[in-house]
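Examining the three-dimensional arrangement
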Amino acid sequence: MDNTPNAGNRFLSFKQFLLFFLIFGFGFLNPGLGLDSFPDLRNALTPTSAYAQEEEAIMDEDMADEGGDVEFADEGGGEFADEGGGEFATEGGDDEFAGEFGPESFLEERFEDQFGEEEAGEEEAEEEEDLSYLTDIGPAKEIQNESFSFPGFGNRKATWFAAQLHILFASFILGCPMFVVIMEVMGSRRTQGVRKAIILSNVFLGVLIGVTFGIIGEIIVGIHHGVLYGLWACAFGALVVSFLNYFHRLLNMKVSCLVGGVVGGAIAFMLVPGAHPAIDNILLAFLNGVVGGMLSNYIMFAEADFKFERLAHEITKVIGFCYSFTALTGGLFLFVMLVAYKDFITYLVNAYPILFMIGYPTLFILETIVMYVYVYSWDPLNKANKKGRHIVTGIILNVLGLSLLCALDGPATFMQTPPKPFDALFTSMNEWDRIATATWMPLNYHRLVGNGTFGGFMVGIIAAYMYLWSRDPKEKEYYDWVGYMGNAIGVMIMIPLPAMGYIFVREIYQYDATIGMYIMSDRESMFMLVQGLLIGTMFSASNVYMWVSMKRIDNAHRFFPAMKLGFVLIVIAATIWFTPRRFFATMLPEPGMNPDMVLPDELAFLALMVSKNAAAFALVTVTLINYIFYTIATRTGKIHWGKINPLGPYILIFMGFTDIWLMSWMGVIRELSRMNWHIYKVFKDVTPEKFAPTLAESGLFVTGIVWTFFIIMTAIIWLGLKYPKSKKTKAQAEEALPSPSLAE
């Protein structure tokens, strides 16, 4: 035994050499394994096959250049040959290399074809940092890069849940501020500052009303650019009349209507591109100008009522709570999308870099700042006699909210109706082209009117809760009036809502009839059946509320016979609206479906669009007539506030709940209308959840979402309104108690 100090080191070196030799030999000599099974070890211990083959090719090339007779052969000795077995030869020479190329060019091409890609890949690999050590050693070795699925929900339902909650809260904070600003104006004393603010608020209200009336004229009469005629005429009619009446009561109601109609209509014809003086265009512009002038005159000189001020302030408190939940659910929706559909959300962000990186954050931050200024500056500005500035702040809040709504409708409609041609989406099209899709403006109209309806019915829910919770007769009288106002606003804005839905679906049909057929006649036909049932129920419930409300008005019974006939027409119209041609959810029956579930031929006309449109028109018309009866009764008879039939508050809660359910259901219909696409015919949905769920499954899930929102809103209303009042009442009662006196 060698006892020298270096003996151990020599023995260790020998073992390392032996281990190296065994691994090297095992990798090269074992034909069943090879070092391809150990790529990292192979790279560390051996030259790559590309370099080995390169050396072999160079050696063969040298031998060929020497003029020898050595033929190219593989390990088995076979010659390079074409499919016919002939040797390579030039046309007139004795060289063995054939084809168009000489020996050197042939070898260079062969070398580049076989080894160029491998060398380029290795050069890129050398340039990139090797990060494999992050996932193949230690605890990181156990990481599995698998897609995540939310337990109990699945990715799609988790996304639906977060998205629907976010949209419901967002609809509340977008719909109610429009309602609140109008109520605040009606409750403010007409100081100079308030009168200035009323000019701006009248223009804002004129834009909303003009767009609504313009769409109705465009659909019913077919007026080209009807929306623009209505918008400009009503807005400028309101502006001119408000400005003239600001200095003095210069115009009475009749003159205000005439000036608004003439001036607003003339300005509209100057601003609408390609306007031509047709009778229908002139009438639409003139009538919208009349409406703008009439409303401006009424609002400018309306007598202030503190009930409107109190109503606006209380609803604003609820909006402050809901804004926080809007931000929370929006963040939840974003995180769910990043986890469940990270590839798709990355694609969407790349499609809208300016919108998502600059536009949306800027609008959201500005809206947040203005909203909190509006909520917390209410009392300070009132005490400083600067109510006009507060009204202007509310108008700015509404403008920012509507801008945010329109901005986010761009990606929503891009997913459903991406602009054509698809191959130009990221070449010749810019970001604005991807926002202004075929259905962008129709969806803006639909959501604008829908949010207004939603805001009115949510005010009705708040009024019903507070009415049922109150014990003070004065409080009951007040919240009975609040319920009346909420229902009035909700019903009046709901009347044109079917027209907004019609123009949206019409644009979908014009874009691609396949989507429209899928919604109306195929897989989603039963979903639309439920939608029709909900709308008919809402119209019916609103008329029932007007009926029970009129019972507390003196001399209102004279309208009851006509209203009874109206109820019969409403039931018939609603039944026609949700009557389908066939009761299976496909164009043709599939296995398991009863082919006999079809309307008889003599009743098939009930499923035609002519019948559907007539039914919708009857629903709207009867509701409008009953509302006129209701308005006349409230102005000609004494109203016994606080004495409403006990059914009234529950109808308000029912209508609000139905409207929430309808909004969520329409979101499901729009989402499923893309079929198995994230972006229709552009970005395929390859997840296991790309199928269309059943009607029952979707209904149960939407009901769960609605109940979640409803319970949260109930808690918010209690915390924002009921709890502070209870606390204040208790404190006042304690102050009223006699102070204890010392015993004599």
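About the criteria used
Residues numbered from 1 in each chain as written. Predicted model: local features only at pLDDT ≥ 70, side-chain atom pairs only at ≥ 80, totals over all residues. Heavy atoms only, no water. Helix = DSSP H or I, 4+ residues; strand = E, 2+ residues; numbered from the N terminus. Buried < 20%, exposed > 50% of the residue type's maximum accessible area, 1.4 Å probe, protein only. Contact = heavy atoms within 4.5 Å. Areas by Shrake-Rupley, 256 points an atom, 1.4 Å probe, with all protein chains shown as cover. Core = buried A, V, L, I, M, F, W, Y, C linked by side-chain atoms within 4.5 Å. Salt bridge = Lys/Arg side-chain N within 4 Å of Asp/Glu carboxyl O. Phe/Tyr/Trp six-rings, centres within 6.5 Å; stacked < 30°, edge-to-face > 60°. Patch = residues over 30% accessible without salt bridge, like charges linked within 9 Å, V, L, I, M, F, W, Y side chains within 5 Å. Axes fitted to C-alpha atoms, helices over the stretch in contact; angles between N-to-C directions. Parallel < 35°, antiparallel > 145°, perpendicular 65-115°, else oblique. Left-handed = near helix turned anticlockwise from the far one by under 90°. Nonpolar A, V, L, I, M, F, W, Y, C, P; charged D, E, K, R; others polar. 1 Å grid on protein atoms, 1.4 Å probe; cavity = no way out; pocket = protein on both sides within 12 Å on 5 of 7 lines; lining within 4 Å. Points joined across faces, edges and corners; volume = space filled by probe spheres on them. Expected span 1.5 Å × (residues − 1). Polar contact = N/O pair within 3.5 Å; in protein donor to acceptor, adjacent residues only side chain to side chain. Lys, Arg positive; Asp, Glu negative; His and termini not counted. pLDDT = per-residue confidence, 0-100.

Here we take up the overall build of the chain. In terms of helices and strands, the chain carries 24 helices and two strands. In the chain, buried positions account for 46% of the 744 residues. A separation of at least 24 residues holds for 80% of the contacts in the chain among residues at least 6 apart in sequence. For the chain, the exposed area adds up to about 39,200 Å²; of that, 65% sits on carbon and sulfur atoms.

Moving on, we come to the nonpolar core. Phe172, Leu311, Met550, Ile660, Phe709 and Met713 are the most contacted members of the largest nonpolar core, which totals 155 residues. In terms of residue count, helix α5 (residues 155-186) provides more of this core than any other element does, 15 residues in total. For phenylalanine 709, the residues in contact, after removing those within four places along its chain, are Leu165, Leu168, Phe169, Phe454, Met458 and Ile660.

We now examine the pattern of salt bridges. Under the definition given, this model contains 10 salt bridges. Measuring nitrogen to oxygen at the nearest pair gives 3.2 Å for the salt bridge that ties arginine 552 to aspartate 480. One end of the pair, arginine 552, is in the loop between α20 (525-550) and α21 (560-577); the other, aspartate 480, is in helix α17 (residues 473-494), and 72 residues separate them in sequence. Residue classification places arginine 552 among the buried positions, given a relative accessible area of 4%.

This part takes up the packing of aromatic side chains. Inspection of the entire model under this criterion finds 34 aromatic pairs. When the ring of phenylalanine 153 is compared with that of phenylalanine 161, the centres are 6.1 Å apart and the planes differ by 55°; the resulting orientation is tilted. Residues tyrosine 352 and phenylalanine 356 carry aromatic rings whose centres are separated by 6.1 Å and whose planes lie at 85° to one another, so their mutual orientation is edge-to-face. Accessibility expressed as a relative area gives 24% for phenylalanine 356, which makes it partly exposed. Taken together, the ring pairs connect Tyr323, Tyr360, Phe364, Tyr372 and Tyr376 into an aromatic cluster.

Here we take up a nonpolar patch on the surface. On the surface, Leu258, Val262, Ile279, Leu283, Phe286 and Leu287 cluster together into a nonpolar patch covering about 580 Å² of accessible area. Where the nonpolar patch is concerned, the elements lending two or more residues are α8 (253-271) and α9 (279-300). On the secondary structure map, isoleucine 279 appears in helix α9. Of the residues examined, isoleucine 279 reaches a relative accessible area of 62% and is grouped as exposed.

This brings us to the packing of α20 against helix α22 (residues 609-636). The description of two helices packed together rests on the angle between their axes and the distance between the axes. In the contact formed by α20 and α22, the axes pass within 10 Å of each other and the chain directions differ by 20°. With respect to α22, the element α20 is oriented roughly parallel. Handedness of the α20/α22 crossing: left-handed. In this structure, α20 uses Gly536, Phe539, Ser542, Asn543, Tyr545, Met546, Ser549 and Met550 to contact α22, whose residues at the interface are Leu619, Val620, Val622, Thr623, Asn626, Tyr627, Phe629, Tyr630 and Ala633. Taken together, the residues of the contact of α20 with α22 sort by class into 11 nonpolar, six polar and no charged.

Looking at where isoleucine 216 falls in the secondary structure, it is placed in helix α6 (residues 192-220). Between the C-alpha atoms of isoleucine 216 and valine 227, which are 11 residues apart in sequence, the distance is 8.4 Å. Apart from the residues lying within four places of it in its own chain, the contact partners of isoleucine 216 are Val221, Pro496 and Ala499.

It is worth spelling out the environment of glycine 331 at this point. Examined against the element boundaries, glycine 331 turns out to sit in helix α10 (residues 306-340). C-alpha separation for the pair glycine 331 and alanine 163, spaced 168 residues apart in sequence, amounts to 9.9 Å.

According to the stated counting rule, one finds five cavities of 30 Å³ or more in the structure shown. Every residue lining the largest cavity is listed: Met178, Val181, Ile182, Val185, Ser201, Asn202, Phe204, Leu205 and Ile299. Across the lining of the largest cavity, the residue classes tally to seven nonpolar, two polar and no charged.

Before going further, it helps to spend a moment on the packing of helix α7 (residues 226-247) against α9. The contact between α7 and α9 brings their axes to 7 Å, and the two run at 35°. In this structure, the crossing between α7 and α9 has a hand that is right-handed. Where α7 approaches α9, its residues Gly226, Tyr229, Gly230, Ala233, Cys234, Gly237, Ala238, Val241, Ser242, Asn245 and Tyr246 are matched on the opposing element by Asn281, Leu284, Ala285, Asn288, Gly289, Val291, Gly292, Gly293, Ser296, Asn297 and Met300. Among the residues making up the contact of α7 with α9, the classes are represented as 10 nonpolar, 12 polar and no charged.

We now examine α5. Across its 32 residues, α5 extends 47 Å between first and last C-alpha, which sits within 8% of the 46 Å expected from 1.5 Å per residue. Taking burial as the measure, the 32 residues of α5 include 28 buried ones, the bulk of the element.

Here the focus is the side chain of histidine 166. Along the polypeptide, histidine 166 turns up in helix α5. Looking at histidine 166, the relative accessible area reads 16%, which means it is buried. Engagement of the side chain of histidine 166 in a polar contact is seen with the side chain of threonine 329, the distance being 3.5 Å. Non-local contacts of histidine 166, meaning those with residues more than four positions away in its chain, are made with Thr326, Thr329 and Gly330.

What follows deals with the environment of isoleucine 435. With respect to the secondary-structure elements, isoleucine 435 resides in helix α15 (residues 431-435). Note on isoleucine 435: relative accessible area 11%, which makes it buried. Note: C-alpha distance between isoleucine 435 and alanine 412 (23 residues apart in sequence) is 9.0 Å. Discounting residues that sit within four places of it in the chain, isoleucine 435 has contacts with Tyr352, Gly410, Thr413 and Trp440.

Turning to the side chain of aspartate 522, a few remarks are in order. Locating aspartate 522 in the fold gives a position in the loop between α19 (513-520) and α20. Here aspartate 522 sits buried without a salt bridge, and the closest side chain of opposite charge, arginine 523, lies 4.6 Å off (N-O distance).

Glancing now at unusual backbone geometry. Residue proline 421 is bonded to the preceding lysine 420 through a cis peptide linkage, with omega at 0°. Its identity is not glycine, yet histidine 225 carries a phi of approximately 60°, on the positive side. In this fold, histidine 225 is placed in the loop between α6 and α7.

Here we take up the confidence of the model for the chain. Summing up the model confidence of the chain, the mean pLDDT is 80 and the portion of residues at 70 or higher is 78%. Within the model, pLDDT remains below 50 along residues 14-120, and this stretch shows 72 contacts once partners closer than five positions in the same chain are excluded. In the predicted structure, residues 736-744 sits below a pLDDT of 50 and forms zero contacts with residues beyond four places in sequence or in another chain.

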